[in-house]
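Analysis of the macromolecular model
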Amino acid sequence: MPEASVAHFYDELADDYHLIYSDWDASIRRQGDALDALIGQARTAVLDCSCGIGTQAIGLALRGHSVTGTDLSPRAAARAVREAARRGVSLPAAAADMRRLPFPDGRFDSVVCADNSLPHLLTEQDVRAALTEMRRVLRPAGLLLVSTRPYEDLLRDRPTSTPPHVHRAAADGERTVTFQLWHWHDDGEHYDLEHFQLLPAGGEWRVKVRRTTYWALGQGRLADLAAKAGFVAPEWRMPQETGFFQPLLVARAGE
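The notes below deal with the structure included here. What you are looking at is a predicted structure, and each value in this text was computed from that prediction instead of being measured.

It is worth spelling out the overall build of the protein chain at this point. A tally of regular secondary structure across the protein chain gives eight helices and eleven strands. Taken over the C-alpha trace, the protein chain has a radius of gyration of 18 Å; the compact-globule value for 255 residues is 18 Å, and the two agree within 12%. Once the C-alpha set of the protein chain is aligned to its principal axes, its extents read approximately 60 × 45 × 35 Å. Across the 255 residues that make up the protein chain, the buried fraction comes to 53%. Look at the contacts in the protein chain between residues 6 or more apart in sequence, and 65% of them connect residues 24 or more apart. Of note, the protein chain has its 29 positive side-chain charges centred 4 Å away from the centre of its 34 negative side-chain charges.

Following this line, the structure appears as structure tokens:
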């Protein structure tokens, strides 16, 4: 993974990230509730190792968990701290690479890596390194929750774009339009993504474009890499079952 380019992508997106949601606060609550139900315990120590601007981390903190956030983007992590404070919860967060987590062994009860963050890692070696670090910082039998796009379907269809999403500002009704263009590599698994946002600008549109690369990592392959990293009983849980917006890999740290 080219660390600088991924960090730059999210540094550039940090101020506007909430605009990909129709209602960001509703998404915070909904995703936090879904992950809390999977954790199944009150007031646990949770690491969100790809916290972004705090969507899942704040949601879990609002449910009473002690959440720590890390993200490759310093600007995103800093915004997560501010947004948590605005909502009356504490979220210590800092910039860190999920392949080199700055915590002692066995520090957390659960590790969350959501919103298709792990597939920014473009090789098996890097994915396994990140999963090994997540296993290291978990207590024995600690819970791993990783969400990705539904790559089984996407690998079959190889779409070239996403539908436009419209965010309407509550204050003035102004709209922001977000969509993506995907450019598949010759290997059929990796793709370059162009993230477009059309923002209102005095009766015209201002366009922001950010670019990054993903690996369309299939579910079986990711589950196998988790097992090799020391997790037991990895299984995929689907949105219709969990209420979370993406498929979730659920596993436990081996003893």
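Turning our attention to the pairing of strand 6 (residues 165–168). Pairing of strand 6 with strand 7 (residues 175–184) involves four bridges; the strand directions are antiparallel. From the neighbouring strand, Arg168 faces strand 7, where its bridge partner is Arg175. Linkage of strand 6 to strand 7, two consecutive antiparallel strands, is achieved through a turn of six residues, within which Gly173 is found at a positive phi near 75°.

The N-to-C vectors of helix 2 (residues 24–39) and helix 3 (residues 55–62) enclose an angle of 65°; their axes lie 7 Å apart at closest approach. Of the possible angle classes, the one that applies to helix 2 and helix 3 is roughly perpendicular. Between helix 2 and helix 3 the crossing geometry is right-handed. Seen from helix 2, the contacting residues are Trp24, Ser27, Ile28, Gln31, Gly32, Leu35, Asp36 and Ile39; seen from helix 3, they are Thr55, Gln56, Ile58, Gly59, Leu60 and Leu62. For the contact of helix 2 with helix 3, the residue count by class is seven nonpolar, six polar and one charged.

Applying the stated criterion across every chain yields a total of 23 salt bridges. Across the salt bridge formed by Arg99 and Asp126, the nearest N and O atoms sit 3.0 Å from each other. On the criterion of sequence distance, the pair formed by Arg99 in the loop between strand 3 (93–95) and strand 4 (108–113) and Asp126 in helix 5 (residues 124–137) is long-range, its members being 27 residues apart. Judged by its relative accessible area of 12%, Arg99 is buried. Here Glu189 makes a salt bridge to Arg221, at a shortest N to O gap of 2.9 Å. Separated by 32 residues along the polypeptide, Glu189 in the loop between strand 7 and strand 8 (190–201) and Arg221 in helix 7 (residues 219–228) bring together distant segments of the chain. By relative accessible area, Arg221 is classed as partly exposed at 34%. Connected through shared salt-bridge partners, Asp25, Arg79, Glu83, Arg86 and Arg87 make up one network.

Criteria and cut-off values
Residues numbered from 1 in each chain as written. Predicted model: local features only at pLDDT ≥ 70, side-chain atom pairs only at ≥ 80, totals over all residues. Heavy atoms only, no water. Helix = DSSP H or I, 4+ residues; strand = E, 2+ residues; numbered from the N terminus. Rg over C-alpha atoms; globule rule 2.2 N^0.38 Å. Buried < 20%, exposed > 50% of the residue type's maximum accessible area, 1.4 Å probe, protein only. Contact = heavy atoms within 4.5 Å. Lys, Arg positive; Asp, Glu negative; His and termini not counted. Charge placed at Lys NZ, Arg CZ, Asp CG, Glu CD. Pairing = 2+ DSSP bridges. Axes fitted to C-alpha atoms, helices over the stretch in contact; angles between N-to-C directions. Parallel < 35°, antiparallel > 145°, perpendicular 65-115°, else oblique. Left-handed = near helix turned anticlockwise from the far one by under 90°. Nonpolar A, V, L, I, M, F, W, Y, C, P; charged D, E, K, R; others polar. Salt bridge = Lys/Arg side-chain N within 4 Å of Asp/Glu carboxyl O.

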